[in-house]
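# An overview of the molecular structure
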Amino acid sequence: MASVDAKTKKELQDIAHKLRIHSINMTQASNSGHPTSCASMAEIMSVLFFHTMRYKVSEPRSPHSDRFILSKGHAAPILYAAWSEAGLIPAEELLKLRKIDNDLEGHPTPRLNFVDVATGSLGQGLGVACGMAYVGKHFDKASYRTYCLIGDGESAEGSIWEAMNFAGHYKLDNLVAIFDVNRLGQSEEAPLQHDMETYRKRAAAFGFNAIVVDGHDVEELCKAFHEASITTGKPTALLCKTFKGKHFVPEVEDHLNWHGKPLGAVAEKTLAQLKSFISNQGKTMLVPQKPLKEDAPDVDIVNVKLNEPPSYKLGEKVATRAAYGTALMKLCQNNPRVIGLDGDTKNSTYSEKIKKAHPENYIECFIAEQNLVSVAIGAGCRNRTIPFVSTFAAFFTRAFDQLRMGAISQTNITCAGSHCGVSIGEDGPSQMALEDLAMFRAIPGSTVFYPSDAVSCERACELAATCPGICFIRTSRPATPVIYENGESMQIGQAKVVKQSGNDQVLVIGAGITLHNALTAAEHLAGIGVHVRVLDPFTVKPLDVATIRDNAKQCGGRVLTVEDHYPAGGLGEAVCSALSQERNIIVKKLNVEKVPRSGPSDALMDMFGISSSCIVKGVQDLVKL
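Residues numbered from 1 in each chain as written. Predicted model: local features only at pLDDT ≥ 70, side-chain atom pairs only at ≥ 80, totals over all residues. Heavy atoms only, no water.

The subject of this paragraph is the UniProt feature "domain: Transketolase-like pyrimidine-binding" (unreviewed entry) in the protein. Per the UniProt record, "domain: Transketolase-like pyrimidine-binding" (unreviewed entry) is found at residues 318-482. For residues 318-482, the end-to-end C-alpha separation is 7 Å, with 39% helix and 21% strand making up the annotated structure. (UniProt positions renumbered as here; feature names shortened; annotations may be inferred. Helix = DSSP H or I, 4+ residues; strand = E, 2+ residues; numbered from the N terminus.)

Pasting the structure below:
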């Protein structure tokens, strides 16, 4: 409805004050938190949860329900309070905010069944909401809507505007971005303060239906959300003029130096004032709107396989990045919920293969890697899709915070990074991923694949499709020989010995291009009477410690690692860590020691110490020990 009656209006205002009261009590009990940040959005939350949104209290993550992302995650107490007033959380439970034995954490995480993604690192919620809205519009084709509440301070983050650009470009009219413009940041005023016209122009310029409202007027909010619901062809931005600490005592409302702290000595006075504003002191009478339209289709994303096995000839030269594109296409043919996302590098990562075969399963996110990862995280929420995200591996460094928060969000996405290391050649160091293994290994719960040929790359993609957590597949630019039979079984955490003899003196461990360099070196060394064993780890995390340890001992305790990566955090350090408690084993590492330069691939690998000739010398040095 476009308007609300006086009774509903009063009830919504009462709920807003109850939410403020909960927020104060919670932060007082924990002696920490952000009650003033909660107060500025109290009416927004009241209208959303008790007038506008459709959801099931009994099933907060129902595939049919509206989605809500609290991007300004520090206002978590009011989110918890809203679910409490809705009937999900007992009021007494709220007082356990931030306690070590309770899941009502300082910022929301999916430990709670009503939270889809972790927030708190500001600027990320809208990108996630874009992913949810895109899936709702184009895959589920369902009536659920997505709402994202953003702080004005966090709107200084570039990732917000990457998301605005994405939403406007794709005309996501099932998305509402709500800006809580409360004027004050953490340490000083926000840049625009209450310049609402500039906010409006900016949102409109990105293709949004931009509506400026009094964020403390429940009737205005109801009308604005209704307008959003009937707007087609563009997303809506609600630009809510609010005040930090609204309806708190005068020394707190709209004053600096109250961010991120409980009210302390003025709490009781503020609580008494808020209680005096409430007409209905009893149980909230309003409930979520019903009926909930249950029109999201059932989705099955388990047991996803390649629709046909790899089909290569031994010795055939194929770049693993090309095999990635083939595998992605095959997975999509097996399950229509496999999707590919890219940042305008699809003709280099070969994700264009899924676009050509199944254009509806491809999402172009353009050159905006932070938003690329956020959209993928949102698309994967509630198990609606299986997202594969590709770009140059180096460019994932831009999105490390999104990946870090994705791990906290218990997200399931696969990142495929191409163009790793100096082996890419003439493009030069800005394009060379030399720290990506370290970055993805550092993410808790991650799985890091480093396939060395086309067969193992296709199998890595197949395994990643059903692997929980964040997966990373490191692919190479140069074409390399196929070394595995098409029917070779590959498993996470299972290494492969690809060359061995009964009298091997050194275990050489390489991956990707360096595995092939190691095989070339092994042939040369055999010709001069030095025998080495060559091992392909397949996954750098988890590493097959037992196989590496056993083969190292069989090779006299001499291990040489070689990688197209900087020394910190890569394959060599993973091996060293795995063998750190073993006696009588020595590890020598070959890696890129300094910032490289442009040049031919082979020349660069030789210059920076990871070519086959460098491996030969490294083995000879080890044998002398």
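Reading across the sheet, the seven strands line up as β8-β7-β9-β10-β12-β11-β17 and stay open at both edges, with mixed pairing between neighbours. Sheet topology places β8 (362-364) and β17 (539-541) at the edges, where each strand pairs with a single neighbour. Pairwise comparison of adjacent strand axes, ignoring direction, gives a mean angle of 20 degrees for this sheet. By the bridge criterion, two bridges tie strand β11 (residues 447-449) to β17 in an arrangement that is antiparallel. By the bridge assignment, Phe449 is partnered in β17 with Thr539. (Pairing = 2+ DSSP bridges. Axes fitted to C-alpha atoms, helices over the stretch in contact; angles between N-to-C directions.)

Another aspect to go through is the sheet that holds strand β1 (residues 67-70). Strands sit in the order β1-β2-β3-β5-β4 across an open sheet of five strands; the sheet is parallel. Two strands bound the open sheet, and with one partner strand each, they are β1 and β4 (209-214). Sheet twist, expressed as the average angle between the axes of neighbouring strands with direction ignored, equals 20 degrees. Two elements, strand β2 (residues 146-151) and strand β3 (residues 175-181), share six bridges in a ladder whose sense is parallel. Within β3, the position partnered with Thr146 by the bridge is Leu175. Packed onto the sheet, helix α9 (residues 218-230) meets β2, β3, β4 and β5 (236-241) and runs at close to 170 degrees relative to β4. (Contact = heavy atoms within 4.5 Å.)

The biggest cluster of nonpolar side chains holds 84 residues, and the ones touching the most others in it are Leu126, Phe166, Leu172, Phe179, Leu341, Leu403 and Phe440. The element contributing the most residues to this core is helix α6 (residues 125-139), with nine residues. The residues contacting Leu341, other than those within four sequence positions of it, are Ile363, Cys365, Leu372, Val375, Ala376, Pro387, Phe388, Val389 and Ser390. Counting 49 residues, the second largest nonpolar core, distinct from the first, contains Phe50, Ile178, Val213 and Val218. (Core = buried A, V, L, I, M, F, W, Y, C linked by side-chain atoms within 4.5 Å. Buried < 20%, exposed > 50% of the residue type's maximum accessible area, 1.4 Å probe, protein only.)

Once that is clear, we can look at the domain arrangement of the protein. Annotation of the protein at the domain level lists domain 1 (6-277), domain 2 (316-482) and domain 3 (496-624). Put simply, the middle of domain 2 and the middle of domain 3, counted by C-alpha atoms, are 25 Å apart. On the side of domain 3, 32 residues touch domain 2, which itself brings 35 residues to the contact. Counting each side, the surface lost to burial between domain 2 and domain 3 is near 2,500 Å², with a carbon and sulfur contribution of 61%. Among the residues of domain 2 in contact with domain 3, Leu434, Arg441 and Tyr450 are the three that bury the most area, contributing 28% of the side total. Connecting domain 2 to domain 3 are zero salt bridges. At the boundary of domain 2 with domain 3, the tally comes to 21 residue pairs in polar contact (both at pLDDT 80 or more). (Domains from an automatic or database assignment. Buried area = accessible area lost by both parts, 1.4 Å probe. Salt bridge = Lys/Arg side-chain N within 4 Å of Asp/Glu carboxyl O. Polar contact = N/O pair within 3.5 Å; in protein donor to acceptor, adjacent residues only side chain to side chain.)

Scanning all chains against the criterion turns up 17 aromatic pairs. Ring centres of Phe396 and Phe440 lie 5.7 Å apart, and the angle between their planes is 85 degrees; on these two criteria the pair is classed as edge-to-face. Residue Phe396 is located in the loop between β9 (386-392) and α15 (400-408), and its partner Phe440 is located in helix α16 (residues 436-442); the two are separated by 44 residues in the primary sequence. Of the two residues, Phe396 and Phe440, neither departs from the other in class, the shared state being buried. Between the NZ or CZ atom of Arg67 and the centre of the ring of Tyr144, over which it lies, the distance is 3.6 Å. (Phe/Tyr/Trp six-rings, centres within 6.5 Å; stacked < 30°, edge-to-face > 60°. Lys NZ or Arg CZ within 6 Å of the ring centre and 35° of its normal.)

Here the focus is the packing of helix α14 (residues 369-380) against α15. Between α14 and α15, the shortest axis-to-axis distance is 8 Å and the interhelical angle comes to 20 degrees. With respect to each other, α14 and α15 are oriented roughly parallel. Crossing hand, α14 versus α15: right-handed. The residues of α15 that touch α14, namely those facing Gln370, Val373, Ser374 and Ile377, are Gln402, Leu403 and Gly406. (Parallel < 35°, antiparallel > 145°, perpendicular 65-115°, else oblique. Left-handed = near helix turned anticlockwise from the far one by under 90°.)

Every α-helical turn comprises 3.6 residues, leaving residues that sit three or four positions apart pointing alike. For helix α11 (residues 320-334), which comprises 15 residues, the first-to-last C-alpha distance of 21 Å matches the rise-based estimate of 21 Å (1.5 Å per residue) to within 8%. Here α11 lies mainly inside the structure; 12 of its 15 residues are buried. (Expected span 1.5 Å × (residues − 1).)

A separate point is the packing of α11 against helix α17 (residues 454-465). At a closest axis distance of 8 Å, the pairing of α11 and α17 adopts a crossing angle of 45 degrees. When the axes of α11 and α17 are compared, the pair comes out oblique. Of the two possible hands of crossing, α11 and α17 adopt the one that is right-handed. Every residue of α17 that contacts α11 at Thr320, Ala323, Tyr324, Thr326, Ala327, Lys330 and Leu331 is listed here: Ala454, Cys457, Glu458, Cys461, Glu462 and Ala465. Among the residues making up the contact of α11 with α17, the classes are represented as eight nonpolar, two polar and three charged. (Nonpolar A, V, L, I, M, F, W, Y, C, P; charged D, E, K, R; others polar.)

Now for the pairing of β1. Residues of β1 alternate between two faces, with Arg67 and Ile69 on one and Phe68 and Leu70 on the opposite face, all of them buried. Pairing of β1 with β2, which is carried by four bridges, proceeds in the parallel orientation. The residue bridging Arg67 from the neighbouring strand is Thr146, located in β2.

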